[in-house]
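Architecture at a glance
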Amino acid sequence: MKTAFGVDQLNHPDVIRNPYPYYDLLRDQSPLFGYRDFPPGTMPGVDDPSPSWVVLNFDHVAAVAWDHENFSSRDSLQEESSAPSLMLVNHDRPEHTRLRKVASKVFQPASIKSLSPAVDALVRQAMDEFFVTDRPVDVMTDFCAMLPSRVMAYLFGMPDDMDRDVRNWATAFMLSADISPQARQAYNEEAMAFFADHVRDNMDRISKGEDPSGPLLNAFIRTEVDGDRLSFEEIVRFCMTATVAGAETTSFYLGNLITVFADFPDIWQDFVEGPNLFDAIYKEVLRFHGPPQRLFRVATRDITIGKADIKRGDWVACFFGAANYDPNVFPEPYEFRLNRKNANRHMSFGYGIHRCLGAPLAQLEAESTARMLRERYQQIERAGEPVWQDVSLLNHGLASNPVIFRERS
Ligand code: HEM
């Protein structure tokens, strides 16, 4: 990398692996222009990214994410590409309000909480299958990769052996792996074709009075708000959205959580002695190693942010990960601290009307994983250098995360 670091280098592999020191070099100059990167769903090698603004300090990120009128979530690049556009994530008001009303009812906290026994069973099964004691285990390859996919497959009532398909579809869409544009497109088409058949089948069975498996899918089909239901096409797209928004982010989050346990033995010990600390650990991991580092918006009119005159139609990359390390909001951001009074202000679930709908489900998976790790193991030790993925800033997380689990005596 050249010595004077610039905004055009934010997608360099060194930055993707560990972006925080690079954000520090640029944060005071935010907003900056000249970043080029791919929004989710677009195709490196086929689509051409637009040069965009970059906002890096907490106030600028909050201003852009909150202001859904002046900053649209519709992604023309994605709409023009062969990838399916996502529900909610890529909708503006008024469509967003209508869809979010129905989807919020589907994701209401009591419904998500009722999934707890099923999620626990999937966590237990995955630990039995993938973890051994006293020998190195790469938790990314199997457990973190597969658990969220299995949860999604269960929630959609898919055959158990389709967990790898869910994983591949999510990885391809979220640009987490270096695969060819043809393979990406093939995965998108396969996922959409599968969900179309599967949703049709579940709808037919529900209309005949049957009760097919797949609690989330069936809730999408059945839920009605003020006489309004989702159309067939919308349900198919919701399945795709939950797959790509829910599986990949949670995989990386779980890897980041286990990394914290392995690399900060004091935190692990505190958690072993005080399981109530989970909530604080969960939030600080979101701040410290939040999966999505940045997402895009498009200005709907000329607007000034800080010293930048942003023009209608300009792309703006909202760096949630840089906001999480803004020292004006999170003092000594490189310290992993469980007593931050403003821990809730992390931006890893976004901010404003698009704030993550699946956050309670992500928390359920993380909490169940942490609880079972604590029940089973005395210690989680680092067994080799962790390797951070360097393909895309869409998700900050590990490609390889070798640890050794030591059993309770
Ligand atoms: C640790 C795991 C997760 C992280 C870090 C995360 C992060 C985010 C972020 C940053 C946004 C805001 C997008 C924006 O502002 O444009 C978002 C939105 C969303 N997430 Fe998550 N997510 C996670 C898990 C999940 C899960 C498990 C699901 C569902 C199964 C899910 C479904 C959604 C949906 C549907 C939206 C769109 C909400 C809207 O636009 O109204 N997410 N997520």
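Each remark here, short or long, concerns the structure printed above.
Since the structure is predicted, the reported quantities are computational estimates derived from the model, not experimental observations.

It is worth spelling out the overall build of the protein chain at this point. Along the protein chain, the regular secondary structure elements total 16 helices and 12 strands. Its C-alpha atoms give the protein chain principal-axis dimensions of roughly 55 × 55 × 40 Å. Look at the contacts in the protein chain between residues 6 or more apart in sequence, and 72% of them connect residues 24 or more apart. Roughly 17,100 Å² of accessible area belongs to the protein chain as shown, and the carbon and sulfur atoms make up 49% of that amount. In the protein chain, 42 side chains carry a positive charge and 58 a negative one; their mean positions are 4 Å apart.

Below, the discussion takes up the coordination of the iron atom of the ligand. You will see that the iron atom of the ligand has only one donor from the protein, Cys356 (SG), lying 2.3 Å away. Here cysteine 356 lies in the loop between helix H15 (320–323) and helix H16 (359–376).

On to the sheet that holds strand E9 (residues 377–382), then. Strand pairing in a sheet relies on backbone hydrogen bonds. The paired strands run either parallel or antiparallel. Taken together, the three strands give an open sheet; going across it, the order is E4-E12-E9, and neighbouring strands pair in antiparallel fashion. Lying at the two open borders of the sheet, with one neighbouring strand each, are strand E4 (136–138) and E9. Neighbour-to-neighbour, the strand axes of this sheet turn through a mean angle of 40°, independent of strand direction. Here three bridges tie E4 to strand E12 (residues 402–407), and the two strands are oriented antiparallel to one another. Across the sheet, residue proline 136 finds its bridge partner in E12, namely isoleucine 404. Along the sheet, H16 makes contact with E9 and E12, crossing E9 at roughly 105°.

Taken as a whole and judged by the stated rule, the model has 24 salt bridges. Where glutamate 233 meets arginine 237, a salt bridge forms, and the shortest distance between an N and an O atom there is 3.1 Å. With glutamate 233 and arginine 237 both in helix H12 (residues 232–263) and four residues apart, this pair spans about one turn of that helix. For arginine 237, a relative accessible area of 23% puts it in the partly exposed group. Its salt-bridge partner being aspartate 263, residue arginine 382 comes within 2.9 Å of it at the nearest N-O pair. Of this pair, arginine 382 sits in strand E9 while aspartate 263 sits in helix H12, and the two are 119 residues apart along the sequence. With relative accessibility at 24%, the residue arginine 382 sits in the partly exposed group. Through salt bridges with shared partners, a single network forms among Asp14, Arg17 and Asp390.

Further remarks concern the side chain of serine 368. Structurally, serine 368 is set in helix H16. The class for serine 368 is buried, based on a relative accessible area of 1%. Excluding its chain neighbours within four sequence positions, the residues that come into contact with serine 368 are Val119, Asp120 and Val123.

Moving on: the packing of aromatic side chains. Going through the model one piece at a time under the given rule, you end up with 31 aromatic pairs. Here the aromatic rings of phenylalanine 131 and phenylalanine 143 are separated by 4.9 Å at their centres, their planes lie at 45°, and the arrangement is tilted. One end of the pair, phenylalanine 131, is in the loop between helix H7 (116–130) and E4; the other, phenylalanine 143, is in helix H8 (residues 140–155), and 12 residues separate them in sequence. The pair phenylalanine 131 / phenylalanine 143 is uniform in exposure class, with both members buried. What links up through ring pairs into an aromatic cluster is the set Tyr20, Tyr23, Tyr35, Phe264, Phe288, Phe296, Trp315, Phe319, Tyr325, Tyr334 and Phe336. Just above the ring of phenylalanine 232 sits the side chain of arginine 200; from NZ or CZ to the centre is 3.9 Å. For arginine 287, the ring lying beneath its charged end belongs to tyrosine 325, and the centroid distance is 5.2 Å.

Locating arginine 36 in the fold gives a position in strand E1 (residues 32–36). For arginine 36, a relative accessible area of 38% translates into the label partly exposed. Separated by 279 residues in sequence, arginine 36 and tryptophan 315 place their C-alpha atoms 9.6 Å apart. Sequence-distant contacts of arginine 36, defined by excluding residues within four places in its chain, comprise Asn11, Asp48, Pro49, Ser50 and Pro51.

Moving on to helix H3 (residues 58–66). A turn of α-helix holds 3.6 residues, and therefore any two residues three or four places apart point the same way. Buried within H3 are the following residues: Phe58, His60, Val61, Ala62, Val64 and Ala65. The secondary structure elements touched by the buried residues of H3 are strand E2 (51–55), strand E3 (71–72), strand E5 (295–299), strand E6 (303–305), strand E8 (315–318) and H15. Two or three places before aspartate 59, at the start of H3, stands the capping residue asparagine 57, its side-chain oxygen 3.1 Å from that residue's backbone nitrogen.

Turning to the nonpolar core, a few remarks are in order. Grouped together as the largest cluster of nonpolar side chains are 116 residues, with contacts concentrated most on Leu10, Phe131, Phe143, Phe319 and Leu373. Ranked by residues supplied to this core, first place goes to H12 with 16 residues. Setting aside residues up to four positions removed in sequence, phenylalanine 319 forms contacts with Leu10, Tyr23, Tyr35, Val54, Val55, Leu56, Val61, Gln293, Arg294 and Leu393. With 20 residues, the next largest nonpolar core counts Trp53, Val64, Ile310 and Phe330 among its residues.

Attention shifts here to the site of the ligand. As a structural note, the neighbourhood of the ligand is formed by 27 residues, with His96, Arg100, Arg297, His354 and Cys356 the closest of them. Arginine 100 is positioned such that a nitrogen or oxygen atom in its side chain is 2.7 Å from an oxygen atom of the ligand. Within the side chain of arginine 297, one N or O atom sits 2.7 Å away from an oxygen atom of the ligand. Here the element with the most residues in the shell around the ligand is H12; it accounts for six residues. Among the residues forming the shell around the ligand, the class breakdown is 16 nonpolar, eight polar and three charged.

On the basis of which strands lie adjacent, the open sheet formed by five strands has the order E1-E2-E8-E5-E3 and mixed pairing. The open sheet terminates on both sides in strands that have one partner only, identified here as E1 and E3. With two bridges connecting them, E3 and E5 associate as antiparallel partners. The residue of E5 that forms the bridge with phenylalanine 71 is alanine 299. Against the sheet, H3 touches E2, E3, E5 and E8, its axis set at about 120° to E8.

Reading guide: rules and limits
Residues numbered from 1 in each chain as written. Predicted model: local features only at pLDDT ≥ 70, side-chain atom pairs only at ≥ 80, totals over all residues. Heavy atoms only, no water. Helix = DSSP H or I, 4+ residues; strand = E, 2+ residues; numbered from the N terminus. Contact = heavy atoms within 4.5 Å. Areas by Shrake-Rupley, 256 points an atom, 1.4 Å probe, with all protein chains shown as cover. Lys, Arg positive; Asp, Glu negative; His and termini not counted. Charge placed at Lys NZ, Arg CZ, Asp CG, Glu CD. Donors = N, O, S within 2.8 Å, 3.2 Å for Na, K, Ca; no water. Pairing = 2+ DSSP bridges. Axes fitted to C-alpha atoms, helices over the stretch in contact; angles between N-to-C directions. Salt bridge = Lys/Arg side-chain N within 4 Å of Asp/Glu carboxyl O. Buried < 20%, exposed > 50% of the residue type's maximum accessible area, 1.4 Å probe, protein only. Phe/Tyr/Trp six-rings, centres within 6.5 Å; stacked < 30°, edge-to-face > 60°. Lys NZ or Arg CZ within 6 Å of the ring centre and 35° of its normal. Polar contact = N/O pair within 3.5 Å; in protein donor to acceptor, adjacent residues only side chain to side chain. Core = buried A, V, L, I, M, F, W, Y, C linked by side-chain atoms within 4.5 Å. Near = heavy atom within 4 Å. Nonpolar A, V, L, I, M, F, W, Y, C, P; charged D, E, K, R; others polar.

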